4 protein chains.
Amino acid sequence: MFFASDNAGPAHPQVMERVMAANVGHQPPYGNDPMMEEVRTGIRRVFEAPDAEVFLVSTGTAANALALACYCQPWQAIFCSAVAHVEEDECNAPEFYAGAAKLTCVPTDDKMTPDALKAAITARAPGDVHAAQPGPVTITQVTERGSVHSLDELRALTAVAKAHDLPVHLDGARFANAQAALGCTAADMSWKSGVDVVSFGGTKNGCMAVEAVVFFDPSKAWEFQLRRKRGAHLFSKHKYLSAQMAGYLQDDLFLKTAEQANDNAAYLAQGLRAAGATFLHEPQANMIFVRFARAIHQKLHDAGAVYNLWDGPLAGAPEEMVAARLVCDWSISREQIDAFLAHF
Amino acid sequence: MFFASDNAGPAHPQVMERVMAANVGHQPPYGNDPMMEEVRTGIRRVFEAPDAEVFLVSTGTAANALALACYCQPWQAIFCSAVAHVEEDECNAPEFYAGAAKLTCVPTDDKMTPDALKAAITARAPGDVHAAQPGPVTITQVTERGSVHSLDELRALTAVAKAHDLPVHLDGARFANAQAALGCTAADMSWKSGVDVVSFGGTKNGCMAVEAVVFFDPSKAWEFQLRRKRGAHLFSKHKYLSAQMAGYLQDDLFLKTAEQANDNAAYLAQGLRAAGATFLHEPQANMIFVRFARAIHQKLHDAGAVYNLWDGPLAGAPEEMVAARLVCDWSISREQIDAFLAHF
Amino acid sequence: MFFASDNAGPAHPQVMERVMAANVGHQPPYGNDPMMEEVRTGIRRVFEAPDAEVFLVSTGTAANALALACYCQPWQAIFCSAVAHVEEDECNAPEFYAGAAKLTCVPTDDKMTPDALKAAITARAPGDVHAAQPGPVTITQVTERGSVHSLDELRALTAVAKAHDLPVHLDGARFANAQAALGCTAADMSWKSGVDVVSFGGTKNGCMAVEAVVFFDPSKAWEFQLRRKRGAHLFSKHKYLSAQMAGYLQDDLFLKTAEQANDNAAYLAQGLRAAGATFLHEPQANMIFVRFARAIHQKLHDAGAVYNLWDGPLAGAPEEMVAARLVCDWSISREQIDAFLAHF
Amino acid sequence: MFFASDNAGPAHPQVMERVMAANVGHQPPYGNDPMMEEVRTGIRRVFEAPDAEVFLVSTGTAANALALACYCQPWQAIFCSAVAHVEEDECNAPEFYAGAAKLTCVPTDDKMTPDALKAAITARAPGDVHAAQPGPVTITQVTERGSVHSLDELRALTAVAKAHDLPVHLDGARFANAQAALGCTAADMSWKSGVDVVSFGGTKNGCMAVEAVVFFDPSKAWEFQLRRKRGAHLFSKHKYLSAQMAGYLQDDLFLKTAEQANDNAAYLAQGLRAAGATFLHEPQANMIFVRFARAIHQKLHDAGAVYNLWDGPLAGAPEEMVAARLVCDWSISREQIDAFLAHF
């Protein structure tokens, strides 16, 4: 009963098969392996972007920080949701990679609104040498609270950015979960909605450790490669990254695992709802923020369920409501979910 | 006939078995997986260092840059061989991670000498606010030219560092190859010789992508973890790093693969010597710098041999001598070496 | 009628006399001039801190950024008011000097409250490797909105910092104005209230360009000097900085000019109040945030008055209320203020 | 008898008069003072460069580091003489400002040769992602050893840079001394010789603390201003910087003081030569590296002469030759020089 995160489970067999297949003989290092060509072609197909430049790194934080750095000067501000992963969970990696740029939090407890984003940008006073200058906008899709921006919401945000000539990054650690939730294309959710660069996550959705950075503007390619190497993120045996991503793209596996993860979460949410639990955010993908009695948390805990409490300790009044974050990956079985729900 | 590097071949089956075994169920992320405990115990056993702190990263450059950053202030100079990997092949990663510290090259075409190191340190004028202050010394073992420091040579260098109260880092991307060449213990080649922190390489010697950073001074542990996260090098599915290193340490596999690689190189060097080739550096581990006629290079090239020329282009006078770097990993077969030598 | 800032007027004659006196012969460079000894003694006397370490720089941003950098690791967050100078007016200098640390804004439109500060610190989750770790707290006295923290308010904030083992910096670009307003000692407003390091401003209050950084913990002295040199802020002809600060400390000139500036502002505020203007913040030192009819702004503008509008353009409905920031330095004459008020 | 440096003497009366004249009333801050317009016009006249962009900072290290940063990416190498001020005397400021770029020392004990520069550039392997990429070349004129590049020498170096598409910075902390020595124009010694940006020193040659950064490519203007502010080098009371530089440019004072300083050094060198001293470098401007008997050093020392020994301590065999660095500024009198020479 592991619902702590989607970053702890197994990689999909189709991914591991490609890894094992890559483990034969010698292949050119540093991204010059033939499988990287397959990855490049695959990403361009998925994103309907024949000129896109594609690079692989091994962590989501690396994908975000390196992508943002390519669009940010050290004297600029990066605009993000106040609860964005880049702000709360990356230990200053974005600032580090962007040369000591500033993260500016747009006030919100989940998604940014276009008005709040606009207010944050205009407060930065472009052209005033004393102020951090406005820099890239980064949007998280699926958000850290499990919400999915509709295409309209996405476009409303990128429109604000574009009105100020600012580039847009999409933190897509759970890109596939969002795409599956919206039932749209990858192109719809990226360049067709005004996104310039995407962190396209693999790790949380069926891979061991691989994320693709997809630039729709190919002019950033060489700078990215230098930044990646300088950040110590260029793998010599890159073929193992390529293999994972190749397996992940093959037959659109990424969508299948995302759908499975979303379905698992929907099934779990349905059960929780039936049991009378209330939701902090309406679950839209594979993350659930839910509140129920501490006594049930205690029972689940005693039964070995693993997940994170959100607003209170395990110890306390049994009848008190305590929130939890529950995340489903593709590999969770219905049996595990049923076992979890059985404690309600 | 792949002799371009030891960073392009397969991982050892014993390593991959552990990876596949890790690919089951959910395990705590970010280094809290149980296998990391096995790795920690294994490294402490190998290095005879029960208090050592051990962390895993996925590239050698990350291991070097993060380890050095823990021992370097931004206003200091890091002392290294003029041909060190940190100086020539890491695209300013050490400077980046050490907060814009300076690399100071000790003049040499291979190993540093104690006198040259001492001269470089004293030239930095500790206590003069205008000068970069002396910082850590980093030694590469095996060197970038395939040489191995004897324990006496190592100790003579660390003695200079210690006389100036400077910490010592060992870039051991090929640590095991050096240990095998010297026939000493890992402790002999590290803390018993005055080394404070080691980059213990796995990638080049039988793994996919994993290096251990071993601190003999455990007080650096928390700082390293923050720097690793901030550098975007903390894996969520860390279990796949642990699994590789666990397999690599199991039954001292690292020594066996290193011995195999060294033996392969010795066999190749013997054949080259017999064919009249001359050596730029006496081969001591698994790297060979050798000079022979361009006509032979051309034949090898036409036959599909892959390796790097060192001091001239492939095109030119056939009788002219041109140098090459030839690297053997553990997986090269005698048949491949014989096929290579057959062109002489 | 210059009320735009206190950063544009003349230096006090007593300061300039010392500068001219220093312009004779040769004196040791880089802070080794004899006048720096006078400065050090003077600051220690003023702050009743015989062990304090004192350094001079030429801008307030340098004082703040260098002082904070001595108390901040790159993976930490600096806590400040959302309208602090370090956040809004220093173009990422604090982030730059602190190695890409993060500024965390405590929500407020002027002073931080202890509760809001505490909430911001605890949100950073010390010990969680994914989060920026809590770092120094910086308090601005006089605030950017012209308010002065009482000693009780100051101590309530530093108590929160100390409860979390965090160091405290005081941005005292207008330290003397605050001291004059409170009628307390410099010691009361610094180390006796839990402050570890002060930026003690001279530029805005009678000097050309000099600020003292005062460390009550002398262990930071050498690091500061290296950071200052590395930041290119160490003057060779340092005697001109020493001379300014020596003149500023002599006979407590800094307090006299501050009292004069505060009196000027009080006189101006009285006149504005009498004319029916309303205040955004109650003026407590030498800055006034005041709202009156656009028609009067237009008249003042036409008459050559120089100051900054705060919440609207000069053009618009004449009867509409528009806010302005008015700052008085020590050199503004009563005649100038009367001339200004004559337009109401 | 102060010959330790040209960074410790008085500012010229003409400079101080302008400073005192600026000390009246209020002027717009941050470089918007009217005198800055005079400075801009003056520099453009002197350099025959009507489109040049001109900015003032208060230290030579700031001028160098900020200018280089505008022409350097963090993954690049800056090429400099092994004895350049940027390498030896700026405590990693260039690395800090250039975002952790690398300084690459071209081997030499004074001037770079074109061949050595070319070798250093080509060794950096542009296009190889592992290597620091070639970045700007910086040339020091007058060198740190008191030598002056002829225009031909200058052009030979910049030609190498241009052949590799690299920008060229001139560290002209003693620009005027070099110009006076060569008897050329400022244009000859800068853009007409292939220089893109100049640090034009004032501090060592008659000012208190001011250096101009002169960009012949105006496109860098806004970036420089942001970098200057972010580096905490933008003066609020900028008028005092403008006043110094205005006084320095007025009637070409900079050339007169430089000629005086050079003449002083020539007179001193003549006396030393007559006394049998030998020179480490042929004196060409206002710096002398000279060797004479320790006994004379001791006599000078006892008589209160202030200067730096270069290759040995004051204590030792009286007959042994010991080198010294002697620097003359414009303010040294013939009497002081005669008094110095009287000890030979």
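Residues numbered from 1 in each chain as written. Chains lettered and ligands numbered in written order. Predicted model: local features only at pLDDT ≥ 70, side-chain atom pairs only at ≥ 80, totals over all residues. Heavy atoms only, no water.

Topic: the environment of C:Met245
Definition in use: In this text, helices come from DSSP runs of H or I with a minimum length of four residues, and strands from runs of E with a minimum of two, each type numbered from the N-terminal end.
Looking at the element boundaries, C:Met245 is found in helix H10 (residues 239-249). Sequence separation between C:Met245 and C:Ala232 is 13 residues, and the spatial gap between their C-alpha atoms is 20 Å.

Some remarks on the relation of the copies chain D and chain A
Short version of the rule: Least squares is the method used to superpose the copies, on C-alpha atoms of residues holding a pLDDT of at least 70 in both. Here a residue-residue contact requires only that any non-hydrogen atoms of the pair lie within 4.5 Å.
Rotating chain D by 180° and moving it 0.0 Å along the rotation axis overlays it on chain A with an RMSD of 0.0 Å. One copy is carried onto the other by what is essentially a two-fold rotation axis. Of every C-alpha in chain D, the one belonging to D:Gly99 sits nearest the axis of rotation, 3.2 Å from it. In this assembly the copies share their binding face: 100% of the residues contributing to the interface of chain D also contribute to that of chain A.

Quick notes on the environment of D:Val39
Relative to the assigned elements, D:Val39 resides in helix H2 (residues 34-46). When residues no more than four places from it in sequence are discounted, the contact partners of D:Val39 are D:Val54, D:Leu56, D:Ser242, D:Met245, D:Ala246 and D:Leu249.

Structural notes on the domain arrangement of chain A
Residues and elements named next belong to chain A. Operational definition: As used throughout, domain bounds are those supplied by an automatic or database domain assignment. Here the quantity called buried area is the accessible surface, traced with a 1.4 Å probe, that two parts lose on coming together, added over both. Two N or O atoms form a polar contact when they lie within 3.5 Å of each other; inside protein one atom must be a possible hydrogen donor and the other a possible acceptor, and for residues adjacent in sequence the pair counts only when both atoms belong to side chains.
By domain assignment, chain A separates into domain 1 (13-251) and domain 2 (254-341). Relative to domain 2, the C-alpha centre of domain 1 lies at a distance of 28 Å. Each partner contributes residues to the interface: domain 1 has 25 residues there, and domain 2 has 18 residues. Among the residues of domain 1 in contact with domain 2, Arg145, Arg174 and Asn177 are the three that bury the most area, contributing 28% of the side total. There are eight residue pairs in polar contact (both at pLDDT 80 or more) connecting domain 1 and domain 2. Elements with a contribution of two residues or more to the side of domain 1 that touches domain 2: helix H8 (175-182) and helix H10 (239-249).

Some thoughts on the nonpolar core
Generally speaking, nonpolar side chains in soluble globular proteins are found buried as a group. Applied cut-off: We call a set of buried Ala, Val, Leu, Ile, Met, Phe, Trp, Tyr and Cys residues a nonpolar core when their side-chain atoms join them within 4.5 Å. Throughout this description, buried means an accessible area under 20% of the type-specific maximum (1.4 Å probe, protein chains only), exposed means over 50%, and partly exposed covers the range between.
Core analysis: the biggest nonpolar cluster contains 130 residues, and C:Phe47, C:Phe200, D:Phe47 and D:Phe200 have the highest contact counts within it. The residues touching D:Phe47, leaving out its near neighbours within four places in the chain, are D:Phe175, D:Ala186, D:Ala187, D:Ser190, D:Trp191, D:Val198, D:Phe200, D:Val214 and D:Phe216.

Observations regarding the sheet that holds strand S11 (residues 321-327) of chain D
Residues and elements named next belong to chain D. So the rule is basically this: Paired strands, as defined in this entry, are two strands with at least two bridges between them according to DSSP. Axes, fitted as lines to C-alpha atoms, cover a helix only where it is in contact. Angles between the N-to-C directions of the axes lie from 0 to 180 degrees.
On the basis of which strands lie adjacent, the open sheet formed by four strands has the order S8-S9-S11-S10 and antiparallel pairing. On the outer flanks of this sheet lie strand S8 (278-281) and strand S10 (308-309), each paired with one strand and no other. Strand contacts of helix H12 (residues 294-302): strand S9 (287-293), S10 and S11, with the helix running at about 115° to S9, the strand carrying the most contacts.

Topic: the interface of chain D and chain A
Reports often express the size of an interface as the amount of accessible area lost when the parts come together. Definition in use: The working definition used for a salt bridge is a side-chain nitrogen of Lys or Arg within 4 Å of a carboxyl oxygen of Asp or Glu.
Every contact between the two is made by 18 residues of chain D and, on the other side, 18 residues of chain A. Buried surface at the junction of chain D and chain A, summed over both partners, amounts to about 1600 Å²; 73% is from carbon and sulfur atoms. Linking chain D to chain A there are zero salt bridges. The tally of links from chain D across to chain A stands at four residue pairs in polar contact (both at pLDDT 80 or more).

Some thoughts on the interface of chain A and chain B
Facing the 48 residues of chain A at the interface are 48 residues of chain B. When the two sides are added together, the surface that chain A and chain B hide from each other amounts to roughly 4000 Å², 62% of it contributed by carbon and sulfur. Taken as a group, A:His26, A:Phe96 and A:Lys237 account for 20% of the area that chain A buries against chain B, more than any other trio of residues on that side. Applying the counting rule to chain A against chain B returns zero salt bridges. If you look at where chain A meets chain B, you find 30 residue pairs in polar contact (both at pLDDT 80 or more). Secondary-structure elements contributing two or more residues to the side of chain A that touches chain B are helix H1 (13-22), helix H3 (60-69), helix H5 (93-97), helix H9 (221-230) and H10 of chain A.

Re the pattern of salt bridges
Taken as a whole, this structure holds 57 salt bridges over all chains when the rule is applied. Linking B:Lys162 and B:Asp196 is a salt bridge whose minimum nitrogen-to-oxygen distance equals 2.6 Å. Of this pair, B:Lys162 sits in helix H7 (residues 151-163) while B:Asp196 sits in the loop between helix H8 (175-182) and strand S6 (197-201), placing them 34 residues apart in sequence. Residue C:Lys111 is joined to C:Glu153 by a salt bridge in which the shortest nitrogen-to-oxygen separation is 2.8 Å. Here C:Lys111, found in the loop between strand S3 (102-106) and helix H6 (114-123), pairs with C:Glu153, found in helix H7 (residues 151-163); they are 42 residues apart in sequence, far enough to count as distant. Judged by relative accessible area, which is 32%, C:Glu153 ranks as partly exposed. One network of salt bridges, with partners in common, ties together A:Glu87, A:Glu95, C:Lys102 and C:Arg124.

Examining the packing of aromatic side chains
All names here are of chain B. Stated formally: For Phe, Tyr and Trp, rings pair up if their centres lie within 6.5 Å, where Trp contributes its six-membered ring, and each pair is then called stacked (planes under 30 degrees apart), edge-to-face (over 60) or tilted (otherwise).
Evaluation of the coordinates by the stated rule reveals 74 aromatic pairs over all chains. With 5.4 Å between their ring centres and 70° between their planes, Phe215 and Phe224 make a pair best called edge-to-face. Judged by its relative accessible area of 0%, Phe224 is buried. Taken together, a centroid distance of 4.6 Å and an interplanar angle of 70° make the contact between Phe292 and Phe344 edge-to-face. Placement of the pair is Phe292 in strand S9 (residues 287-293) and Phe344 in the segment after helix H13 (334-341), with a sequence separation of 52 residues.

As for the relation of the copies chain A and chain B
Note on the identical chains: chain A maps onto chain B by a rotation of 180° and an axial translation of 0.0 Å, with an RMSD of 0.0 Å. The overlap is high: 100% of the interface residues of chain A also sit at the interface in chain B, so the same surface is used on both sides.

Some words on the packing of helix H6 (residues 114-123) of chain D against helix H7 (residues 151-163) of chain D
Residue and element names in this part refer to chain D. Formally: Here the angle decides the label: under 35 degrees means roughly parallel, over 145 means roughly antiparallel, 65 to 115 means roughly perpendicular, and every other value means oblique. The handedness criterion is simple: a crossing whose near helix is rotated anticlockwise from the far helix by less than a right angle is left-handed, and one whose near helix is rotated clockwise is right-handed. Polar here means any residue outside two lists: the nonpolar Ala, Val, Leu, Ile, Met, Phe, Trp, Tyr, Cys and Pro, and the charged Asp, Glu, Lys and Arg; Gly therefore counts as polar.
Contact pair H6 / H7: the axes reach a minimum separation of 9 Å and the direction vectors enclose 20°. What the angle tells us is that H6 and H7 run roughly parallel. The element H6 and its partner H7 pack so that their crossing is right-handed. Facing H6, whose interface residues are Pro114, Leu117, Lys118 and Ile121, H7 presents Ala156, Leu157 and Val160. A class-by-class count of the residues in the contact of H6 with H7 yields six nonpolar, no polar and one charged.

Regarding the packing of helix H8 (residues 175-182) of chain D against helix H11 (residues 253-274) of chain D
Residues and elements named next belong to chain D. With their axes 8 Å apart at the nearest point, H8 and H11 run at an angle of 75° to one another. Judged on the interaxial angle alone, H11 and H8 are roughly perpendicular. Facing Ala176, Asn177, Gln179, Ala180 and Ala181 of H8, the residues of H11 in contact are Phe254, Leu255, Ala258, Glu259, Ala261 and Asn262. Residue composition of the contact of H8 with H11, by class: seven nonpolar, three polar and one charged.

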